[in-house]
Amino acid sequence: EAAVTQSPRNKVAVTGGKVTLSCNQTNNHNNMYWYRQDTGHGLRLIHYSYGAGSTEKGDIPDGYKASRPSQENFSLILELATPSQTSVYFCASGDWDNYAEQFFGPGTRLTVL
Amino acid sequence: GDSVTQTEGPVTLSEGTSLTVNCSYETKQYPTLFWYVQYPGEGPQLLFKVPKANEKGSNRGFEATYNKEATSFHLQKASVQESDSAVYYCAPHYNQGKLIFGQGTKLSIKP
């Protein structure tokens, strides 16, 4: 039983369309994170949250919004998708215990045509 | 600002040889240091972490020592296996619950 799940696992979108990536965690962690992974850049932080109702900007937030409606769920929203947002997106959860160790989901591959 | 630099990949080794992946972090603080591993088609997972300076972490035959003076946390393994083929990330945690990931080092092991 995976503790961090993501949906969809694969998504093809059109330029200018709206895309929502969803993440659910059963770890009961306060913190959740969205990253994107691109060759040559490693993992880059887009948005994160410290709890339900809170969202914070990460290192590359432009073009993305985030929503944390509950402890378990954290969404990443691309209001107007662009081809430059083609990437693999990872969600993670973590807490202040265990020195902020993060637990990752399996990733979502997004292609924007 | 805080940043981390690690060995640029890809790195290709033969099974049974030794591995070192360098990791250096720039900071005025003393972070908790993490190594994550990512196998193909999966999300990153924790390999091990070291919260205190001058201590060593280890898991699955991999190890790294938190060198405060040199601001380094190099990953080592004496004898790699084909199953070690993966991408390895060094990641310090300074504050706010945010990990700073290096660019990753892709490791391929030839049988």
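Refer to the preceding data block for the structure.
Keep in mind that this is a model prediction, so the values were computed, not measured. (Residues numbered from 1 in each chain as written. Chains lettered and ligands numbered in written order. Predicted model: local features only at pLDDT ≥ 70, side-chain atom pairs only at ≥ 80, totals over all residues. Heavy atoms only, no water.)

A.B. asks: Got a sec to walk through unusual backbone geometry? Specific residues and values, please.
C.D. replies: What is expected of a backbone is that most residues other than glycine have negative phi and most peptide bonds are trans. Cis geometry marks the peptide bond from serine 7 of chain A to proline 8 of chain A, where omega comes out at -5 degrees. By secondary structure assignment, the location of proline 8 of chain A is in the loop between strand S1 (4–7) and strand S2 (10–13). In this structure, the amide linkage connecting glycine 9 of chain B to the following residue, proline 10 of chain B, adopts the cis form with an omega of 0 degrees. Note that proline 10 of chain B resides in the loop between strand S1 (3–6) and strand S2 (11–14). Phi angles above zero are rare outside glycine, and asparagine 54 of chain B is one such case at about 70 degrees. Checked against the element boundaries, asparagine 54 of chain B lands in the loop between strand S6 (45–50) and strand S7 (56–59). Judged by its relative accessible area of 48%, asparagine 54 of chain B falls in the partly exposed class. With a phi angle near 55 degrees, arginine 60 of chain B is a residue other than glycine that sits in the positive phi range. By secondary structure assignment, the location of arginine 60 of chain B is in the loop between S7 and strand S8 (62–65). (Helix = DSSP H or I, 4+ residues; strand = E, 2+ residues; numbered from the N terminus. Buried < 20%, exposed > 50% of the residue type's maximum accessible area, 1.4 Å probe, protein only.)

A.B. asks: Can you tell me about the interface of chain A and chain B, naming the residues and giving the values?
C.D. replies: Contact residues are listed per partner, giving 21 residues for chain A and 20 residues for chain B. At the boundary of chain A with chain B, total buried surface from both sides reaches about 1600 Å², with 57% on carbon and sulfur atoms. Of all residues in chain A, Leu43, Tyr99 and Glu101 of chain A bury the most surface against chain B, accounting for 31% of the area lost on that side. Scanning the region where chain A abuts chain B turns up one salt bridge. We note a salt bridge from lysine 49 of chain B to glutamate 101 of chain A, for which the minimum N-O separation is 3.2 Å. (Contact = heavy atoms within 4.5 Å. Buried area = accessible area lost by both parts, 1.4 Å probe. Salt bridge = Lys/Arg side-chain N within 4 Å of Asp/Glu carboxyl O.)

A.B. asks: Give me the packing of aromatic side chains: which residues, what numbers.
C.D. replies: All names here are of chain A. Within this structure, the stated rule accounts for 18 aromatic pairs over all chains. Ring geometry for tyrosine 35 against phenylalanine 104: centres 5.5 Å apart, planes inclined by 40 degrees, an arrangement best described as tilted. You can see tyrosine 35 sitting in strand S4 (residues 31–38) and its partner phenylalanine 104 sitting in strand S10 (residues 102–104), a full 69 residues away along the chain. The burial state of tyrosine 35 is the same as that of phenylalanine 104; both residues are buried. Ring geometry for tyrosine 50 against tryptophan 96: centres 5.8 Å apart, planes inclined by 35 degrees, an arrangement best described as tilted. One end of the pair, tyrosine 50, is in the loop between strand S5 (42–49) and strand S6 (56–57); the other, tryptophan 96, is in the loop between strand S9 (87–94) and S10, and 46 residues separate them in sequence. (Phe/Tyr/Trp six-rings, centres within 6.5 Å; stacked < 30°, edge-to-face > 60°.)

A.B. asks: So what's going on with the sheet that holds S1 of chain A? Which residues, and what values?
C.D. replies: Two orientations exist for strands paired in a sheet by backbone hydrogen bonds: parallel and antiparallel. Residue and element names in this part refer to chain A. Taken together, four strands build an open sheet; the order of strands is S1-S3-S8-S7 and the sheet is antiparallel. In the strand order of this sheet, the two ends are held by S1 and strand S7 (65–67), each with one partner. Ignoring which end each strand starts from, the neighbouring axes of this sheet average 20 degrees apart. In terms of strand pairing, S7 meets strand S8 (residues 73–78) through three bridges, oriented antiparallel. Paired with alanine 66 across the bridge in S8 is leucine 76. (Pairing = 2+ DSSP bridges. Axes fitted to C-alpha atoms, helices over the stretch in contact; angles between N-to-C directions.)

A.B. asks: Now, about the state of the cysteines: what can you tell me, with residues and values included?
C.D. replies: Here the structure, examined in full by the defined rule, presents two disulfides over all chains. One disulfide bridge connects cysteine 23 of chain A with cysteine 91 of chain A, the sulfur atoms lying 1.9 Å from each other. When the S-S torsion is -80 degrees, as for the bridge of cysteine 23 of chain A with cysteine 91 of chain A, the disulfide is left-handed. On the criterion of sequence distance, the pair formed by cysteine 23 of chain A in strand S3 (residues 19–25) and cysteine 91 of chain A in strand S9 is long-range, its members being 68 residues apart. Since its relative accessible area comes to 2%, cysteine 23 of chain A is described here as buried. Between the sulfur atoms of cysteine 23 of chain B and its disulfide mate cysteine 90 of chain B the distance is 1.9 Å. Judged by the sign of its S-S torsion, about -60 degrees, the cystine formed by cysteine 23 of chain B and cysteine 90 of chain B is left-handed. Here cysteine 23 of chain B, found in strand S4 (residues 23–26), pairs with cysteine 90 of chain B, found in strand S10 (residues 86–93); they are 67 residues apart in sequence, far enough to count as distant. Note on cysteine 23 of chain B: relative accessible area 0%, which makes it buried. (Disulfide = S-S within 2.5 Å.)

A.B. asks: Please give an account of the sheet that holds S7 of chain B that cites residues and values.
C.D. replies: All names here are of chain B. Read from one edge to the other, the open sheet built from four strands follows the order S3-S9-S8-S7, with strand pairing classed as antiparallel. In this open sheet, the two edge strands, each paired with only one partner strand, are strand S3 (19–21) and S7. Looking at each pair of strands side by side, their axes are set apart by 20 degrees on average, direction ignored. Where S3 meets strand S9 (residues 75–77), three bridges bridge the pair, whose relative direction is antiparallel. In the sheet register, valine 21 faces S9, and the bridge partner there is leucine 75.

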